[in-house]
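Residue-level structure breakdown
Chain by chain, the residues run as shown.
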Amino acid sequence: MELKLEKIIGKAARTGAVCGAVFLVAGMASCSGDVPGYDDVPPGTGQPEEPLPQPGEATAYVTQVLDYLPAAGQFTNTMPEYEEGDTQEDMNRKVLEAIGNNNRGLVSLGGFGGYVTLGFDHTIENKPGLRDFRVLGNAFYSAANPDTGAPEGGSCEPGIICVAYDRNKNGRPDEDEWYEIAGSAHEAPAQEPWYGLAREYGNDVSLCAGYEITYHRPEHEPATEEEREQYIRWEDNQGNAGYLQKNAYHGQPYFPQWVEGDELTFRGTRLPQNGVDESGLGNYYILYKFRYGYADNETNMGEEASIDIDWAVDGNGQKVSLPSVDFIRIYTGVHQSNGWLGECSTEVMGVEDLHVLGEEIPTRE
Ligand SMILES: [Ca+2]
Ligand SMILES: [Ca+2]
Ligand SMILES: [Ca+2]
């Protein structure tokens with residue numbers, strides 16, 4: 001069994017196990033409306049290498065924040081609040097105060113690529129046939145979609161979940177220890193129930209692996225309407241460019257203020273755009289729910305807020321067999337601005353180990 005794990009992880013390391021943000025190995029970006037399934041590789045059955053903590057010894061909740069780097073966004077610098085002089089360590093601490101230890105505050109990851117990296121006081125076991133952890137966010141469904149026959153949606157702002165198994169036991173997530181959880185759109189974007197209506201609306205509904213976007217620090221805060229509309233410039237590696245606007249509701253700077261340098265680049269898998277103005281007048285946006293496998297995409301009570309570690313894949317989209325995970329990273333997976341509502345940004349309220357909580361939630365069939 002150990003041999004098998006070695007083999008799978010070794011392969012991922014050679015090809016560049018990737019997981020969003022700063023750890024993606026540069027490669028060909030590929031965007032497609034559909035990608036091959038992963039069903040041809042049977043899920044593994046790796047076993048833990050060492051005894052896991054006994055129930056009662058471990059807490060189910062986040063106990064460490066290793067890194068927090070939101071992209072530009074309307075909640076950046078406010079969730080959590082940046083105060084003059086704050087360092088990266090200060091911001092990490094504020095994130096832990098907000099969402100660690102079951103505090104259930106909320107942090108925002110900003111636009112596409114913004115991320116947070118979380119740790120625990122134990123390793124989260126991958127139990128066969130069961131989901132293993134739950135990611136809490138602030139997703140909700142709209143009760144008043146003018147399109148009454150529409151699929152479930154409301155405020156679903158999916159974040160892509162990455163997991164790291166601390167294979168070399170150095171207490172850190174090394175670059176070759178990260179794997180992405182393949183959610184529903186990773187497997188088959190065209191099967192999202194809202195795919196057709198989002199495409200008709202004009203959204204980019206492709207899944208883009210190896211997506212990269214750079215945000216530029218504005219020279220100053222906007223003073224005129226034109227400056228508000230051309231607030232934060234961005235360009236991506238697909239030949240697109242544009243601006244994040246500054247809206248009337250959030251007056252603070254949108255570029256993370258504790259970061260040095262004039263630009264921020266994020267890399268990862270970009271999900272199909274799921275936001276649709278159902279009013280046709282720019283006043284009623286529905287952000288549709290992906291079927292499974294993402295953060296801030298399902299209500300916290302819903303089954304699909306919970307994740308099975310067996311859904312992890314390597315940089316080639318091949319399933320990997322992990323006995324447990326020690327670190328979890330979440331990054332905003334959609335790049336889309338939705339009118340007055342602003343850009344799609346994943347929010348995180350916490351992560352819970354379902355096994356420590358004693359909850360048994362079956363994996364998907
Ligand atoms: Ca499992
Ligand atoms: Ca490690
Ligand atoms: Ca949200």
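Per chain, the residues get numbers from 1 upward, laid out in the order the sequence is written. Chain labels run from A onward and ligand labels from 1 onward, assigned in the order the entries are written. Totals for whole chains, interfaces and linings use all residues, but because this is a predicted model, local features are given only for residues with pLDDT of at least 70 and pairs of side-chain atoms are given and counted only at 80 or more.

Turning next to the overall build of the protein. Counting its secondary structure elements, the protein contains 6 helices and 20 strands. Residue burial is a threshold on neighbouring C-beta atoms within 10 Å of the residue's own C-beta, all placed from the backbone, with 20 or more meaning buried, 12 or fewer meaning exposed, and counts in between meaning partly exposed. Looking at the 365 residues of the protein, the share that counts as buried comes to 50%. Look at the contacts in the protein between residues 6 or more apart in sequence, and 79% of them connect residues 24 or more apart. In this description a helix means any DSSP run of H or I spanning at least four residues, a strand means any run of E spanning at least two, and both kinds are numbered starting from the N terminus. C-beta atoms are first placed from the backbone for all residues, and any pair lying within 7 Å is then listed as a contact.

Turning next to the pairing of strand β20 (residues 350-353). Residue alternation in β20 divides its side chains into two sets, Gly350 and Glu352 and Val351 and Asp353, and both sets are buried. Pairing between strands requires that DSSP locate at least two bridges from one strand to the other. Across 4 bridges, strand β5 (residues 133-136) lies against β20 in antiparallel orientation. Within the sheet, the bridge partner assigned to Leu136 lies in β20 and is Gly350.

This part covers the nonpolar core. By definition, a nonpolar core groups buried Ala, Val, Leu, Ile, Met, Phe, Trp, Tyr and Cys residues that are joined through C-beta atoms within 7 Å. Counting 86 residues, the largest nonpolar core has Val116, Val135, Ile161, Val163 and Ile330 as the members making the most contacts within it. Non-local contacts of Val116, meaning those with residues more than four positions away in its chain, are made with Val65, Tyr68, Val95, Val107, Leu109, Arg329, Ile330 and Val348.

This part covers helix α2 (residues 88-99). Under the 1.5 Å per step criterion, the end-to-end length of α2 is 17 Å for 12 residues, consistent within 8% with the ideal 16 Å. Among the residues making up α2, those that are buried are Met91, Lys94, Val95, Leu96, Ala98 and Ile99. One or two steps after α2, the chain reaches Asn101, where phi turns positive at roughly 50°. To estimate the expected span of a helix, count its residues, drop one, and scale the result by 1.5 Å.

Once that is clear, we can look at the environment of Asp132. With respect to the helices, strands and loops of the structure, Asp132 is situated in the loop between β4 (115-125) and β5. Overall, the presence of 23 C-beta atoms within 10 Å leaves Asp132 in the buried class. Asp132 sits 176 residues away from Asp308 along the chain, and the two C-alpha atoms are 5.2 Å apart.

For the rest of this paragraph, the subject is the sheet that holds β5. The strands that make up a sheet pair up through hydrogen bonds in the backbone, lying either parallel or antiparallel. Strand order in the open sheet formed by 3 strands is β16-β5-β20, and the pairing between neighbours is antiparallel. The strands lining the two open edges of the sheet, one partner per strand, are β16 (306-307) and β20.

A few words on unusual backbone geometry. Residue Pro80 is bonded to the preceding Met79 through a cis peptide linkage, with omega at 0°. By the secondary structure assignment, Pro80 is in the loop between β2 (64-69) and α2. Even without being glycine, Arg104 reaches a positive phi, approximately 60°.

Next up on the list: the sheet that holds β2. Strand order across the open sheet formed by 6 strands is β2-β4-β18-β8-β9-β17, with antiparallel pairing between neighbours. Both edges of this open sheet fall to β2 and β17 (312-313), since each of them pairs with a single strand only. Note that strand β8 (residues 159-164) and strand β9 (residues 178-181) share 3 bridges and pair antiparallel. Each residue of the ladder has a partner; that of Val163, found in β9, is Tyr179. A fitted line through C-alpha atoms serves as each axis, taken over the contacting stretch for helices, and the angle formed by two N-to-C directions is quoted from 0 to 180°. Lying over the sheet, α2 contacts β2 and β4, oriented at roughly 120° with respect to β2.

Within a regular strand, the side chains alternate between the two sheet faces. Of all 8 residues in strand β13 (residues 263-270), 6 are buried; the element is thus mostly enclosed. Examined bridge by bridge, strand β10 (residues 207-216) and β13 share 7 bridges and lie antiparallel to one another. When the sheet's bridge partners are listed, His216 is paired in β13 with Glu263.

Moving on to the environment of Glu177. Its location among the elements puts Glu177 in the loop between β8 and β9. For Glu177, a count of 25 C-beta atoms within 10 Å translates into the label buried. Sequence spacing of Glu177 and Asp314 is 137 residues, and the spatial spacing of their C-alpha atoms is 9.7 Å. Contacts of Glu177, omitting those with residues within four sequence positions, involve Ala164, Tyr165, Asp166 and Arg167.

This brings us to the confidence of the model for the protein. Chain-level statistics for the protein give a pLDDT mean of 88 and a share of 85% at 70 or above. Scored below 50 in pLDDT, residues 1-18 makes 34 contacts in the model with residues more than four places away or belonging to other chains. The pLDDT value expresses, per residue, how confident the predictor is, ranging between 0 and 100.

Position of Trp311 relative to the elements: it lies in the loop between β16 and β17. In this view, Trp311 contacts Ile181, Ala182 and Gly293; residues no more than four positions away in its chain are not counted.

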